[in-house]
Amino acid sequence: MKKILLTCLCMAALTASAQNPFAYGISATLPEGNQFVEGYAEALPISYTLNAAATKVAINFYKDGATTPVKTVELTAAEALTAGTHTADVAVSDLKNGAYTWSITATGAAITSPVEMDKYIQFWSPYGIAIDNNPESAHFGRVLCGESQASAPSNYFSQQHGGIGLFEFDPQLNFVARYDGGLSMANFKYPKGAQLAAFHVKKVRISKDGRVFVGMLDCVNNPIYELDPNDLSKWTPIFNGTLAADTTGIVTNAEGKTVAIASAAFDIVGSGKDLKIVNLSSKYGMSYSYENYSCNEYALGTATSWSDPISASTMVMPLDGQYTISAQSVSLAYDQDGNGIWYAQYRGTPTDAQPALKHVSRGADGNWTEDYSDIKTVVRGGGIAYNTDYSLLAIPKGNNQLGIYKVAAGTSSTAQQAAALANPTLTELYTITTTKLRGFNDIAFDCANNLYACDNGKETLVEVQLPRDNNDCEVAARSAFNFKVTLSTGVDDLTAAKTVSSVRYYNVSGQESAEPFQGVNIVVTNYTDGSHTTTKIVK
């Protein structure tokens, strides 16, 4: 592969798409110990992949924890901006003593309305989707979607690739692999209720720090599993105990107390010691009944298992034993602070008893209070999701339509002061009308505000590019690629404040010019204080 300075060579032409661009797979070739010392090479070899074509790509270097870059290198050549994997040698000889982090900013073309991606993936019964938006993850940008039931048509994508399970895609929806953890995922129906089939992989969630979780609504497996992010074939049950032999899906501990029940929907918030899981559970194999649904929160933190029984302190009371009547099309979405939860349920005709949308807030006393209700909107599919910075909330609003909203807090009472979004108000920004989806069973956003959704009605997974106020998307390189510059001179500042007196270009034959030559150029920048810097470029 040809490697050139300040420009890139596309390695692979990937699927064209309507997507806001961002960089992933960011890496660099660093010296031993990630430390540059006397005599270090003047170029840093980097590699990155763009999910979609960009109008500009910039490499940003940050010194000693600063929030403003001390150096930015723009890659503007056409071959540097296409979708696919690229390499570049970035000049770093002017970086002085210090500890450096770096990032890549991809700038996209401005759009004024949502654009639907041409490509779509056909699933039979998809209810869960998640995206790894943790830049520190080696799998940043990947898309996970669950197939909960086996499909009858042999031409469906999921059926052609193994049937029920968890499917991994890259950010351009190119298939990577399927996983099932070696669990029992055979098709079967329950004798009670509406004779519904089990949903083996229901919801999928990825935490801020890259932990992967899958919910099961089948009463034959643990309600929630954690997957090894580096080997998605390894599934570990979260809830310790004995799974009931009947069709209730109840897990009990050694004292016979209920720890958890099969998961109709769950969500996660926080990371590390602050990670929490809320689970809307269902005794799914039993007859329809409000009492067969319960909602509990588990402060899992860094633990990988849970054995404490549910209790009054774990219950999200407003969502416990009421509202939910069908475990199929229902979702939960935490607010950013973890002290509020949105509840969405698809009903053809919502009522007070079976509402479409609810919000509950945690008070200073730890108790939950209902503070928002909607019994008019038909939340087709029952999905609901925030984007990565929680500035947008996506809510279905009828056949083929998805509303994008801003959320603001109302006036909170003393009892609600723990919740940042108590008594929330919704302001609709725009409506997405899609031809590929009838409803939205689950929704997820990537870091560039591309929205992914799955639908059991039209049996597809699709992606929609959303308009943005800022068309830049900056992604940090993983900490493994941070580096230090240690020079014996003790100079620790860039020549950023110096005044340039002249710039001269030299070709490989030593000829001098005020303008760059075609091909390789040595660029000598002279400053008024008598100093100069030397870099190499290719025109």
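About the criteria used
Residues numbered from 1 in each chain as written. Predicted model: local features only at pLDDT ≥ 70, side-chain atom pairs only at ≥ 80, totals over all residues. Heavy atoms only, no water. 1 Å grid on protein atoms, 1.4 Å probe; cavity = no way out; pocket = protein on both sides within 12 Å on 5 of 7 lines; lining within 4 Å. Points joined across faces, edges and corners; volume = space filled by probe spheres on them. Helix = DSSP H or I, 4+ residues; strand = E, 2+ residues; numbered from the N terminus. Nonpolar A, V, L, I, M, F, W, Y, C, P; charged D, E, K, R; others polar. Buried < 20%, exposed > 50% of the residue type's maximum accessible area, 1.4 Å probe, protein only. Contact = heavy atoms within 4.5 Å. Pairing = 2+ DSSP bridges.

### Some details on empty space enclosed by the protein
Point 1. According to the stated counting rule, one finds two cavities of 30 Å³ or more in the structure shown.
Point 2. Considered as a void within the structure, the second largest cavity measures approximately 30 Å³ in volume.
Point 3. Together, Val259, Ala260, Ile261, Asn279, Ser281, Ser294, Asn296, Tyr298 and Ile310 line the second largest cavity.
Point 4. When contributions to the lining of the second largest cavity are tallied by element, the ones reaching two or more residues are β20 (258-261), β22 (276-282) and β23 (293-298).
Point 5. In terms of residue class, the lining of the second largest cavity is made up of five nonpolar, four polar and no charged.

### Some points on the layout of surface pockets
Point 1. The volume enclosed by the largest pocket comes to roughly 750 Å³.
Point 2. Forming the boundary of the largest pocket are 36 residues, of which Asn133, Ile206, Asn387, Thr388 and Tyr390 lie nearest the centre.
Point 3. At the level of elements, β10 (126-131), β14 (204-206), β21 (263-269), β24 (330-334), β28 (385-386), β32 (442-445) and β35 (472-476) are the ones that each hand at least two residues to the lining of the largest pocket.

### What about the environment of Ala476?
Point 1. Relative to the elements of secondary structure, Ala476 occurs in strand β35.
Point 2. What makes Ala476 partly exposed here is its relative accessible area of 38%.
Point 3. Separated by 371 residues in the primary sequence, Ala476 and Thr105 place their C-alpha atoms 8.6 Å from one another.
Point 4. Ignoring any residue separated from it by four or fewer positions in sequence, one finds Ala476 in contact with Ile26, Trp102, Ser103 and Pro135.

### Structural notes on the sheet that holds strand β30 (residues 401-408)
Point 1. Taken together, the four strands give an open sheet; going across it, the order is β28-β29-β30-β31, and neighbouring strands pair in antiparallel fashion. Since the sheet does not close on itself, it has two edges, and those belong to β28 and β31 (425-433), each with one partner.

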